[in-house]
Amino acid sequence: MDLLALSDFNLVARHGGFGKASRAAGRPKATLSRRVAELEASLDLRLFERGARDLKLTEEGRALFERTSQLLTELDETTTAIASGGHSPRGRLRISAPLLFSQTAMGKLAAGFALKYPEVRLEVTSEDRPVDMIEEAYDLVIRVNPEPDESLVGRVFLRDRLVVVASPDMTPPANGSAVPAVVRGPAGLEDAWKVTTQLGPSTIAVTPVLGLSSLIMVRDAVRTGVGAARLPVSLVSHDLAEGTLVNWGDVDGPEIALWTLYPTRRLLSARVSAFLDHLRDAFPRGTPDELAAYLRR
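Remember, it's a predicted structure, so these values are computed and weren't measured experimentally.

Caption draft 1: Structural context of the overall build of the chain. On a plain count of helices and strands, the chain comes out with 9 helices and 13 strands. Scaling as 2.2 N^0.38, a compact globule of 297 residues should have a C-alpha radius of gyration of about 19 Å, whereas the chain reaches 25 Å, well beyond that. Counting only C-alpha atoms and orienting by the principal axes, one finds that the chain spans roughly 80 × 45 × 30 Å. Counting the 297 residues in the chain, one finds 41% classified as buried. Across the chain, the fraction of contacts at a sequence separation of at least 24, relative to all contacts at a separation of at least 6, is 74%. If the 36 positive side-chain charges of the chain are averaged to one point and the 38 negative ones to another, these points end up 6 Å apart.

Here it is in structure tokens:
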């Protein structure tokens, strides 16, 4: 495949038309059109639908663009780094991270990374939904307990655990009586929590009174004494130390593991490697206490 023609195709696809691509790159419009036509002929595929006023990618063209744009960017960065005799990360780095981690830690992490690597344009999107890294052009994804995916590799960089906490003014449950609870999501879908205390396994009957969409909102509500909640220990460790919240037990269930994930189909870019090192420097042990201390800085 002609890499020059593929590069020109990506240029036109990225800018949405031959004219815009021509002006952005300072290249003749006729040359770009000819290159794309040659690429279509070599592949025996139509990559663009050419209308009277607009240009749209075909399904095949969109697939080619999604799978080659990042590769071409990395190829350009590699040749630039080799030519300059260095491997300093540069270019755009797109990251998707879960909402709670973004709200509590990602701002400081991103700022520190930007100061360390000023030639990298870091973009962070906060969302809990599963994302398609290739389709949505993410370089790195941070997820909590992700489902296995053969197309991705990664590692755990942080661990946490859930605890049941409440205001010290609330009375711990006794004789199987239900306690008011603040939950993430719709209220009314939970009736009991299994926990482990110093006395052994136990079950706390609950009656949800508040359903909130953010764990930070849940924590703030619990501080008022409206009800108990299950929260990551890193998020409430300061409250537990100060006595503004008390621990009713560790929640039974799988640990909370934060993973960094990236595609296996291409070599790890210098940008992604640099951010992974940045996370490792921030959380060398990856423990809940370490995360809690980072949040308090």
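Next, the rest of the story.
Caption draft 2: Structural view of the sheet that holds strand β13 (residues 256-263). Here 5 strands make up an open sheet; going across it, the order is β4-β3-β5-β13-β6 and the pairing mixed. This sheet does not close on itself; its edge strands, each paired only once, are β4 (120-126) and β6 (152-160). Here the strands of the sheet are splayed against their neighbours by 20° on average, with no regard to which way each runs. One ladder, built from 8 bridges, connects β6 with β13; its direction is antiparallel. Residue pairing for β13: G154 is matched across the bridge by L261. Docked against the sheet, helix α5 (residues 99-116) engages β3 (91-97), β4, β5 (140-144), β6 and β13, running at close to 175° with respect to β4.

Caption draft 3: Structural view of the sheet that holds strand β9 (residues 192-197). Across the sheet, which stays open at both edges, the 6 strands sit in the order β8-β10-β9-β12-β7-β11 with mixed pairing between neighbours. Because the sheet does not close on itself, it has two edges, and the strands there are β8 (179-184) and β11 (229-232). For this sheet, the mean inter-axis angle between neighbouring strands, taken without regard to orientation, is 55°. Of the strand pairs in this sheet, β9 and strand β12 (residues 246-251) are connected by 2 bridges, and their pairing is antiparallel. Bridge pairing in β12 places V195 opposite V251.

Caption draft 4: A look at the packing of helix α2 (residues 18-25) against helix α3 (residues 29-43). Packing of α2 against α3 brings their axes to within 9 Å, and their N-to-C directions diverge by 120°. Looking at the two axes, α2 sits oblique to α3. Crossing geometry of α2 relative to α3 is assigned as right-handed. Touching F18, G19, A21 and S22 of α2 are K29, L32, S33 and V36, all from α3. Looking at side-chain class alone, the contact of α2 with α3 contains 4 nonpolar, 3 polar and 1 charged residues.

What counts, and at which threshold
Residues numbered from 1 in each chain as written. Predicted model: local features only at pLDDT ≥ 70, side-chain atom pairs only at ≥ 80, totals over all residues. Heavy atoms only, no water. Helix = DSSP H or I, 4+ residues; strand = E, 2+ residues; numbered from the N terminus. Rg over C-alpha atoms; globule rule 2.2 N^0.38 Å. Buried < 20%, exposed > 50% of the residue type's maximum accessible area, 1.4 Å probe, protein only. Contact = heavy atoms within 4.5 Å. Lys, Arg positive; Asp, Glu negative; His and termini not counted. Charge placed at Lys NZ, Arg CZ, Asp CG, Glu CD. Pairing = 2+ DSSP bridges. Axes fitted to C-alpha atoms, helices over the stretch in contact; angles between N-to-C directions. Parallel < 35°, antiparallel > 145°, perpendicular 65-115°, else oblique. Left-handed = near helix turned anticlockwise from the far one by under 90°. Nonpolar A, V, L, I, M, F, W, Y, C, P; charged D, E, K, R; others polar.

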